[in-house]
Structure formats: C-alpha cells, structure tokens
Amino acid sequence: MRTLYLTALGFSLLIQPVYLSLAWLSSTIAEYNYCYDVVMSAKYNLPKPDFTEYGLKSEPECKQ
C-alpha cells in the first residue's frame, strides 16, 4: 500500500509540469492564430475576429 501511495505521489508530481507546459503552449498557439486572423481580416477588409472565440482572456497585442 505504501508503494502504491508513493508511486501515485511521484506520478502526480510528474504530471503537473507537463500540464503547465501544455497550457502555456495552448495559449501561445491560440494567440498566434488570433493575430494571424487579425492580419488576414485587415488584408481582406473583413471584420476583426473576437478574441474570446480563441479562448483568450484578453485581446493580445499583435505585431503587424
């Protein structure tokens, strides 16, 4: 039982950094997609996309 507890504890300590890195990567990709769509909407005279549709909490500053 003790071995099972230690294994579960060690596994949970390994999963936490992986989850945090994936969350960071996901938000980075969402920001990149949003900025790309903003540039394309300006290029083709379309309405600017809504940042909430990309799961972003605030509108990022896009380099043009």
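What counts and how
- Within every chain, residues take consecutive numbers counted from 1 along the sequence as written.
- Per-residue local features of the predicted model are confined to residues with pLDDT of at least 70, and side-chain atom pairs are confined, for both listing and counting, to 80 or more; whole-chain, interface and lining totals are unaffected and use all residues.
- Side-chain measures here rest on the full set of heavy atoms in the structure, leaving out hydrogens and waters.
- Secondary structure elements follow DSSP: runs of H or I of four or more residues count as helices, runs of E of two or more count as strands, with numbering from the N terminus.
- Here the expected span of a helix is defined as 1.5 Å times the quantity of residues minus one.
- Burial classes follow relative accessibility: with a 1.4 Å probe on protein chains only, a residue under 20% of its type's maximum area counts as buried, one over 50% as exposed, and anything between as partly exposed.
- Nonpolar side chains (Val, Leu, Ile, Met, Phe, Trp, Tyr) within 5 Å and like charges within 9 Å form the patches, drawn only from residues with over 30% relative accessible area and no salt bridge.
- Only the protein chains shown count as covering a residue, and every accessible area follows the Shrake-Rupley method with a 1.4 Å probe.
- Each reported salt bridge corresponds to a side-chain nitrogen of Lys or Arg within 4 Å of a carboxyl oxygen of Asp or Glu.
- Residue contacts are defined here by distance: any two heavy atoms, one from each residue, within 4.5 Å place the two residues in contact.
- The criterion for an aromatic pair is that two Phe, Tyr or Trp rings (for Trp, the six-membered ring) have centres within 6.5 Å, with stacked assigned to planes under 30 degrees apart, edge-to-face to planes over 60 apart and tilted to the rest.

J.: Could you give an account of helix 1 (residues 2–43), with specific residues and numbers?
T.: Taking 1.5 Å as the rise per residue, helix 1 with 42 residues should run 62 Å; its terminal C-alpha atoms sit 62 Å apart, in good agreement. All buried positions along helix 1 are accounted for by Ala30, Tyr34, Cys35, Val38 and Ser41. Positioned one or two residues after helix 1, Asn45 has a phi angle of 60 degrees, which is positive.

J.: Go over a nonpolar patch on the surface, please, and point to the residues and values.
T.: A contiguous nonpolar surface patch, about 580 Å² in accessible area, is contributed by Phe11, Leu14, Ile15, Tyr19 and Leu20. Considering the arrangement of structural elements, one finds Phe11 in helix 1. Take Phe11: its relative accessible area is 53%, and that puts it in the exposed class.

J.: How would you summarise the side chain of Ser41 if you had to cite specific residues and measurements?
T.: For Ser41, the location among the structural elements is in helix 1. Apart from the residues within four sequence positions on either side, Ser41 is in contact with Leu46, Pro47, Lys48 and Pro49.

J.: Which residues make up the packing of aromatic side chains, and what are the values?
T.: What the rule picks out here adds up to one aromatic pair. On the numbers, 5.4 Å between centres and 75 degrees between planes, the contact of Tyr34 with Tyr54 is edge-to-face. Of the two residues, Tyr34 sits in helix 1 while Tyr54 sits in the segment after helix 1, which places them 20 residues apart along the sequence. Of the residues examined, Tyr34 reaches a relative accessible area of 1% and is grouped as buried. Accessibility expressed as a relative area gives 22% for Tyr54, which makes it partly exposed.

J.: An account of the environment of Tyr32 is needed here, citing residue identities and associated values.
T.: Inspection of the secondary structure puts Tyr32 in helix 1. It is 14 Å that separates the C-alpha atoms of Tyr32 and Ser58, two residues lying 26 residues apart in sequence.

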